[in-house]
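This is what each chain is made of:
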Amino acid sequence: MKDVYILGIESSCDETSVSIVKNGFEEIATVTNTQIDIHKEYGGVVPEIASREHVKNVTIIIEECLKEANMTIDDITAIAVTYGPGLVGSLLVGIEAAKTLAYVNNKPLVPVNHMTGHIYANNLTSRMSFPLMALVISGGHTELVYMKNHYQFKRIGATLDDAVGECYDKVARIINVNYPGGPTIDKWAHEGNDTYPLPLPLNDNTYNFSFSGLKSAVINLVHNEEQRGNEIRKKDLACSFQNVVVEVLAKKTMKAIKDYKVNNLIVAGGVAANKGIRERLESDCRKNKINLTVPEFRFCTDNAAMIAASGYYAYLRGDRADLTLNANSSLDLDK
Ligand code: KG4
Ligand code: ZN
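Residues numbered from 1 in each chain as written. Chains lettered and ligands numbered in written order. Predicted model: local features only at pLDDT ≥ 70, side-chain atom pairs only at ≥ 80, totals over all residues. Heavy atoms only, no water.

1. Quick look at the site of ligand 1
Part 1 of the argument: Every one of the 19 residues lining ligand 1 counts as a neighbour, but H118, G139, D169, G270 and N274 are closest to it.
Part 2 of the argument: One of the backbone nitrogen or oxygen atoms of G140 is found 3.3 Å away from an oxygen atom of ligand 1.
Part 3 of the argument: Backbone polar atom of G182 to an oxygen atom of ligand 1: 3.2 Å apart, as the coordinates give it.
Part 4 of the argument: Taking 560 Å² as the accessible area of ligand 1 by itself, protein coverage stands at 88%.
Part 5 of the argument: Judged by the proximity of its atoms to the pocket grid, ligand 1 belongs to the largest pocket.
Part 6 of the argument: Among the elements of the structure, helix 4 (114-120), helix 5 (164-174) and helix 6 (182-189) are those that each provide at least two residues to the shell around ligand 1.
Part 7 of the argument: The residue inventory of the shell around ligand 1, partitioned by class, reads 5 nonpolar, 11 polar and 3 charged. (Near = heavy atom within 4 Å. Polar contact = N/O pair within 3.5 Å; in protein donor to acceptor, adjacent residues only side chain to side chain. Areas by Shrake-Rupley, 256 points an atom, 1.4 Å probe, with all protein chains shown as cover. 1 Å grid on protein atoms, 1.4 Å probe; cavity = no way out; pocket = protein on both sides within 12 Å on 5 of 7 lines; lining within 4 Å. Sits in = over half its atoms within 2 Å of the grid points. Helix = DSSP H or I, 4+ residues; strand = E, 2+ residues; numbered from the N terminus. Nonpolar A, V, L, I, M, F, W, Y, C, P; charged D, E, K, R; others polar.)

What follows is the structure, given as structure tokens:
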């Protein structure tokens, strides 16, 4: 079969990213501009600012990516673009850029769900084997997804309230850590001790998760300590918090793997960068002889290589969009 080169565009949140991936697994070039420093001072992503930054950057990044790949648009088989879930104003910038590129150059336009991108980030590290269980953990999502084969997504459990990344960011904020707080909490967790008692949230037999109670428990703990005039040992709190998160994620994931009789686990989404979660799943999977794949760090957070990788399989199965393609901020995985 002829090689397929997908140019992927990702702009669902605060990263403008363009990538070219060959045959769904070989990264040729990726150029990403992150706006983290701009949003930092507001404590979170400001949608209006994010859209404006995407507009400013997207065309330049497309050009840079082609240049880095030493390719022209003629070498590209199809254009893949994230159309949801995410911030509407941000998504629309990528969508309009992709539509224009596809229309002017007469290329197929392939719509990609951002969450499938996070899952297919694993394909850039090692080829996905089926059936598999995917633990999708990001700033907006916490889901267990069963996949019988490519592009067959069955969501078997999800968070009932906050996403795990959102919980990390909120806990970080309580102890005055800059957005996004996940990486700092993760680092501190490895430097502190588990000394603060925190409840294991939704410790039941379902595959669902809940993180808002844990967040409230941390807020109450911090307030109580402050009222007593005690200083918060931030590294110990980070460690205690992370241990609870890791315990509940690992417990439910391993149960899902057992119940669905799969031998392959992949972890996806920005929180997949978490060292505590990686270490625990590595150990549990080793014990249970499960093949574990976690994307490279740079493919864990939002990037277009994962969109191009997912876009390749979407392209093969004939997914196409026309110029009416619109953003869908709450796009579901199993739709
Ligand atoms: O997937 P992503 O880049 O964006 C979304 O689609 O949501 O995930 C961003 C989230 C943020 O909440 C960030 O704090 C979290 O991933 N994150 C981490 C780590 N690195 C990023 N959370 C915990 N530990 C980390 N090392
Ligand atoms: Zn994401």
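2. Here's the deal with a nonpolar patch on the surface
Part 1 of the argument: A cluster of nonpolar side chains, contributed by Y103, V104 and L323, occupies part of the molecular surface with about 360 Å² of accessible area.
Part 2 of the argument: Residue position: Y103 is located in helix 3 (residues 88-105). (Patch = residues over 30% accessible without salt bridge, like charges linked within 9 Å, V, L, I, M, F, W, Y side chains within 5 Å. Salt bridge = Lys/Arg side-chain N within 4 Å of Asp/Glu carboxyl O.)

3. Re the coordination of the zinc ion (ligand 2)
Part 1 of the argument: Within the first shell, the zinc ion (ligand 2) binds the protein through H114 (NE2), H118 (NE2) and D302 (OD), at distances of 2.0 to 2.1 Å.
Part 2 of the argument: Donor residues binding the zinc ion (ligand 2) come from one chain and are separated in sequence as H-x3-H-x183-D. Residue H118 is located in helix 4, and its partner D302 is located in the loop between helix 10 (297-300) and helix 11 (304-316); the two are separated by 184 residues in the primary sequence. (Donors = N, O, S within 2.8 Å, 3.2 Å for Na, K, Ca; no water.)

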